[in-house]
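Summary of structural features
Residues per chain are reported as follows:
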Amino acid sequence: GEVRAYMAAGRAFTARDYIHAQKVRTYLIAQLAKIFEKVDVIASPTTGNTAPYIDSRDLDYGLIDAVRSGELVRYAFVANLAGVPAMAIPIATGANNLPISFQVLGRHWEEHTLLAISAVIERQVERTQPQVFFPVLDSQK
């Protein structure tokens, strides 16, 4: 499925491409370090759109949609690429009662700041339980 498609696309990259990507990553890390000298966290949307509806026909075999995938990781890739901690915080629901969230990025080794911010927001935001819900933690039952 989707993983195979990404693996096939990855074969098109050269060693020069990889070295360039590492230079971009190093630049991003340096820029974030400068930003974090002035702020405790960076807040942004988690995704470039609301959560997509998954058609029941796609549940068995999945769906490859490069445009949708690109929109979903538009903001999330920054933390992944730079290796900084990030947390998505659900804040509302949009169309079809699907979740909307924003993310906070923090300094290396300061996950506690993200957890504290998330705890405050969770107490302030009224949320509804999704139609499909699996209580995997005892505290959520």
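Our subject is the structure listed above.
Our subject in this report is the structure included herewith. (Residues numbered from 1 in each chain as written. Predicted model: local features only at pLDDT ≥ 70, side-chain atom pairs only at ≥ 80, totals over all residues. Heavy atoms only, no water.)

**Observations regarding the overall build of the protein**
Convention followed: Under the DSSP-based scheme used, a helix requires at least four consecutive residues in state H or I and a strand at least two consecutive residues in state E, with every element numbered from the N terminus. Think of it in three bands: residues with accessible area under 20% of the maximum for their type are buried, residues over 50% are exposed, and the middle band is partly exposed, with areas taken using a 1.4 Å probe on protein chains only. A contact between two residues is defined here by any heavy atoms of the two lying within 4.5 Å. Under the convention used here, a 1.4 Å probe and the Shrake-Rupley method define accessible areas, while residue burial counts only the protein chains that appear.
Within the protein one finds five helices and three strands. Reading the helices (α) and strands (β) of the protein from amino to carboxyl end gives α-α-β-α-α-β-β-α. With the principal axes as the frame, the protein shows a C-alpha extent of 50 × 45 × 25 Å. In the protein, which comprises 141 residues, the proportion classed as buried is 14%. The long-range share in the protein, meaning contacts at least 24 apart out of those at least 6 apart in sequence, stands at 62%. Just so you have it, the protein exposes about 10,800 Å², and 59% of that area is on carbon and sulfur atoms.

**Re the pairing of strand β2 (residues 86-93)**
Heads up, the condition is: When DSSP finds two or more bridges between two strands, those strands count as paired.
In this sheet, strand β3 (residues 99-106) lies alongside β2 in antiparallel orientation, the contact comprising seven bridges. Its bridge partner lying in β3, Ala88 is registered against Gln103. If you look at the hairpin formed by β2 and β3, you'll find five residues sitting between the two strands, and Asn96 has a positive phi there, around 60°.

**A short note on the nonpolar core**
Which entries qualify depends on this criterion: Joining through side-chain atoms within 4.5 Å is the link that ties buried Ala, Val, Leu, Ile, Met, Phe, Trp, Tyr and Cys residues into a set, and such a set is a nonpolar core.
Core analysis: the largest hydrophobic core is formed by seven residues, namely Leu28, Leu32, Phe36, Ala79, Ala82, Val84 and Leu105. Of all elements in the fold, only α2 (15-36) and α4 (77-82) reach the threshold of two or more residues within this core. If you tally residues by element for this core, the top one is α2, at three residues. If sequence neighbours within four positions are ignored, Phe36 has contacts with Val41, Ile42, Val84, Leu105, Gly106 and Arg107.

**Here we look at the sheet that holds strand β1 (residues 41-45)**
Selection criterion: Only the contacting stretch of a helix is used when fitting its axis, a line to C-alpha atoms as for every element, and angles between N-to-C directions run 0 to 180 degrees.
If you walk across this open sheet you meet the three strands as β1-β3-β2, and the pairing is antiparallel. The two strands at the open ends of the sheet, each matched to only one other strand, are β1 and β2. The sheet shows a mean angle of 25° between the axes of neighbouring strands, taken without regard to direction. Contacts from α2 reach β1 and β3, with the element oriented near 115° to β1. Across the face of the sheet, helix α5 (residues 111-124) comes into contact with β1, β2 and β3 while running at roughly 10° to β2.

**Focus on α2**
Which entries qualify depends on this criterion: In this scheme, a helix's expected span is set at 1.5 Å multiplied by one less than its residue total. Of all possible arcs, the one meant is that of the directions from the helix axis to the C-beta atoms.
Between its first and last C-alpha atoms α2 spans 31 Å; for 22 residues at 1.5 Å apiece the expected length is 32 Å, and the two agree. Looking at α2, one finds that the buried residues are Leu28, Leu32 and Phe36. An end-on view of α2 places all buried positions within 65° of arc, on one side of the element. Facing away from the buried side of α2, by more than 90 degrees, are the exposed residues Ala15, Arg16, His20, Lys23, Thr26 and Tyr27. Packing partners of the buried residues in α2 comprise β1, α4 and β3.

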